[in-house]
Amino acid sequence: MPQDVLAQAANEMLDWPDAGGGRCGMGVMEMSHRGKEFMSICAHAEATLRRLLAVPGHFKILFMQGGGLAENAIVPLNLSALRAPKGERGRTDFVLTGSWSQKSWQEAAKYSSTHVAASSQDSGFTQIPDPAGWQIRPDASYVHLCSNETIHGVEYPALPDLKALGSDAALVVDFSSQVASRPMDWRHVGLAFGGAQKNLGPAGLTVVVVREDLLGHALDICPSAFNYETVAANGSMYNTPPTYAIYMAGLVFDWLERQGGIAAIEAQNIAKAQTLYEAIDRSDLYFNPVLATCRSRMNVPFFLRNEALNADFLSGAAAAGLLQLKGHKSVGGMRASLYNAMPLAGVQALVAYMQAFERSHG
Ligand SMILES: *Cc1c(COP(=O)(O)O)cnc(C)c1O
């Protein structure tokens with residue numbers, strides 16, 4: 001979370017000021033979600049997000065709950081029948097580039113007939129299979145991909161154009177760890193979803209952006225609170241939305257606009273990632289195994305060639321105020337997450353520490 005946002009939320013916690021600066025006598029957590037104060041907070045958050053991400057008018061923005069993992073079920077419950085014969089659960093295709101797309105594929109098998117269109121597992125998930133070779137079934141309702149694999153540190157440099165690949169399937173994108181870090185090309189997207197907690201705000205809010213023509217195809221077993229058409233028809237207020245998380249995310253959206261919007265934040269993210277990857281590539285101690293063209297700007301896994309030094313590296317880092325660098329348990333090593341709120345100075349401090357550590361342990 002950006003420090004400015006936390007300070008503003010602290011200042012407004014007991015008594016929320018409206019746009020004119022008038023106090024309403026209660027904090028956001030105490031408001032009715034249908035009251036005019038919260039309705040204005042929610043509408044402002046949605047409008048700001050739409051402007052920031054340049055979401056076209058024929059897409060709905062939904063504020064939901066359950067996080068990215070719940071969407072792994074909610075997406076097939078809503079979209080698997082999109083192109084299926086009436087009454088049938090349809091077909092869903094997946095491109096596997098790491099742990100998260102794998103999880104999505106496994107979950108969708110409970111609700112649809114799944115198929116792996118392409119996978120980079122053979123490479124140890126260090127690259128993205130060339131879209132020209134994807135085996136998309138002709139009657140697939142959608143193709144799911146994860147635009148940034150948070151654990152393996154693999155990111156799509158651009159989203160594929162399924163139409164150009166000869167497919168009428170909708171493209172579904174898990175952008176949990178990438179949203180708002182760079183512009184999004186909506187021309188190729190049917191639906192994108194992400195938990196808010198990586199780049200947008202606190203945990204508890206899930207953002208879904210869905211093209212309107214994909215609504216209305218939910219399986220009859222789809223829970224009403226997770227039916228996109230129902231959620232959209234009720235302006236994300238079919239049930240009580242995560243009000244405080246929406247308010248906090250709205251403050252982050254305002255902060256992003258003050259930074260100059262997505263183009264400006266992208267330039268910072270490029271500079272941050274370059275600083276770290278260059279330091280890794282220059283060193284004899286550290287390495288990153290991901291193909292250069294699809295290295296993630298948000299999550300940088302790196303490994304020590306001498307794994308016996310891992311514990312020393314982490315304890316020295318913690319002593320220098322550099323926290324949460326331990327890699328995910330499934331891949332080991334280290335991982336630096338460079339989400340929007342991480343300043344370049346934080347990356348420079350990490351690089352300085354890494355170089356000092358290499359000198360003293362070389
Ligand atoms: C973190 C993450 C998720 C899981 O989100 P939850 O909100 O914990 O369910 C899903 N996909 C990606 C790419 C993630 O990084």
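Reading the values: rules and limits
- Residues numbered from 1 in each chain as written.
- Predicted model: local features only at pLDDT ≥ 70, side-chain atom pairs only at ≥ 80, totals over all residues.
- Heavy atoms only, no water.
- Salt bridge = Lys/Arg side-chain N within 4 Å of Asp/Glu carboxyl O.
- Helix = DSSP H or I, 4+ residues; strand = E, 2+ residues; numbered from the N terminus.
- Buried < 20%, exposed > 50% of the residue type's maximum accessible area, 1.4 Å probe, protein only.
- Phe/Tyr/Trp six-rings, centres within 6.5 Å; stacked < 30°, edge-to-face > 60°.
- Lys NZ or Arg CZ within 6 Å of the ring centre and 35° of its normal.
- Pairing = 2+ DSSP bridges.
- Contact = heavy atoms within 4.5 Å.
- Axes fitted to C-alpha atoms, helices over the stretch in contact; angles between N-to-C directions.
- Domains from an automatic or database assignment.
- Buried area = accessible area lost by both parts, 1.4 Å probe.
- Polar contact = N/O pair within 3.5 Å; in protein donor to acceptor, adjacent residues only side chain to side chain.
- Nonpolar A, V, L, I, M, F, W, Y, C, P; charged D, E, K, R; others polar.
- Parallel < 35°, antiparallel > 145°, perpendicular 65-115°, else oblique.
- Left-handed = near helix turned anticlockwise from the far one by under 90°.
- Near = heavy atom within 4 Å.
- Areas by Shrake-Rupley, 256 points an atom, 1.4 Å probe, with all protein chains shown as cover.
- Core = buried A, V, L, I, M, F, W, Y, C linked by side-chain atoms within 4.5 Å.

(A) Focus on the pattern of salt bridges. Enumeration according to the criterion identifies 13 salt bridges in this entry. Close ionic contact of Glu46 with Arg50 constitutes a salt bridge, the shortest N to O distance being 3.8 Å. One end of the pair is Glu46 and the other is Arg50, both in helix H2 (residues 36–52) and four residues apart, which spans about a single turn. Ionic pairing is found between Asp93 and Arg137, a salt bridge with its closest N-O pair at 2.9 Å. Separated by 44 residues along the polypeptide, Asp93 in strand S2 (residues 91–96) and Arg137 in the loop between strand S3 (113–119) and strand S4 (142–146) bring together distant segments of the chain. Note on accessibility: Asp93 and Arg137 belong to one class, buried.

(B) Spotlight on the packing of aromatic side chains. Applying the stated rule across the entire model yields ten aromatic pairs. Measuring from ring centre to ring centre gives 6.0 Å for Tyr353 and Phe357, while their planes differ by 40°; the resulting arrangement is tilted. Note that Tyr353 and Phe357 are positioned in helix H9 (residues 344–361) at a spacing of four residues, about one turn of the helix. This pair shows no difference in class: Tyr353 is buried, exactly as Phe357 is. Joined through ring pairs, the aromatic side chains of Tyr286, Phe302, Phe313, Tyr353 and Phe357 make up one cluster. Its end group placed over the ring of Trp100, Lys103 keeps NZ or CZ at 5.3 Å from the ring centre. Over the aromatic face of Trp100 sits the side chain of Lys198, whose NZ or CZ is 5.6 Å from the ring centroid.

(C) Molecular detail of the sheet that holds strand S10 (residues 286–287). Taken together, the three strands give an open sheet; going across it, the order is S10-S11-S12, and neighbouring strands pair in antiparallel fashion. Of all the strands in the sheet, the pair left with one neighbour each is S10 and strand S12 (334–337). Both strand S11 (residues 299–304) and S12 contribute to a ladder of four bridges, which runs antiparallel. Each bridged residue has a counterpart across the sheet, and for Val300 the counterpart in S12 is Ala336. Packing against the sheet, helix H7 (residues 261–282) makes contact with S10, S11 and S12, and its axis sits at approximately 15° to S11.

(D) Spotlight on the domain arrangement of the protein. Here the domain parsing of the protein yields domain 1 (3–258) and domain 2 (262–360). The C-alpha centroid of domain 2 is placed 27 Å from the C-alpha centroid of domain 1. Across the contact, 25 residues belong to domain 1 and 23 residues belong to domain 2. Between domain 1 and domain 2 lies a buried interface of about 1900 Å² when both sides are counted; carbon and sulfur atoms form 58% of it. Applying the counting criterion to the domain 1 and domain 2 interface returns zero salt bridges. At the junction of domain 1 with domain 2, the criterion picks out ten residue pairs in polar contact (both at pLDDT 80 or more). If you list the elements that add at least two residues to the side of domain 1 that touches domain 2, you get strand S6 (154–155) and helix H6 (243–258). Of the residues belonging to the side of domain 1 that touches domain 2, the class tally is eleven nonpolar, eleven polar and three charged.

(E) Summary view of the packing of helix H3 (residues 67–79) against helix H4 (residues 99–108). At a minimum axis separation of 9 Å, H3 and H4 run at an interaxial angle of 45°. With respect to each other, H3 and H4 are oriented oblique. Seen along the crossing, H3 lies across H4 with a hand that is right-handed. Facing H3, whose interface residues are Leu69, Asn72, Ala73 and Pro76, H4 presents Trp100, Lys103, Ser104, Glu107 and Ala108. Split into classes, the residues belonging to the contact of H3 with H4 amount to five nonpolar, two polar and two charged.

(F) Structural context of the site of the ligand. Around the ligand, the surrounding shell consists of Gly67, Gly68, Leu69, Trp100, Cys146, Asn148, Thr150, Asp174, Ser176, Ser177, Gln197 and Lys198. For the ligand, an oxygen atom lies 3.1 Å from a polar atom in the backbone of Gly68. For the ligand, the protein covers 86% of the area, taking 380 Å² as the surface of the free molecule. When the residues that make up the shell around the ligand are grouped by side-chain class, the tally is three nonpolar, seven polar and two charged.

(G) Looking closely at the nonpolar core. The biggest cluster of nonpolar side chains holds 59 residues, and the ones touching the most others in it are Phe63, Trp134, Val173 and Trp186. Residue contributions to this core peak at ten residues, all from H6. When residues of this core are assigned to domains, at least three map to each of domain 1 (3–258) and domain 2 (262–360). Not counting residues within four places of it along the chain, the set of residues in contact with Phe63 comprises Cys42, Ala45, Glu46, Leu49, Leu205, Thr206, Val207, Ser236 and Ile246. Within the second largest apolar cluster, 24 residues are counted, among which are Ala279, Leu285, Met334 and Met354.

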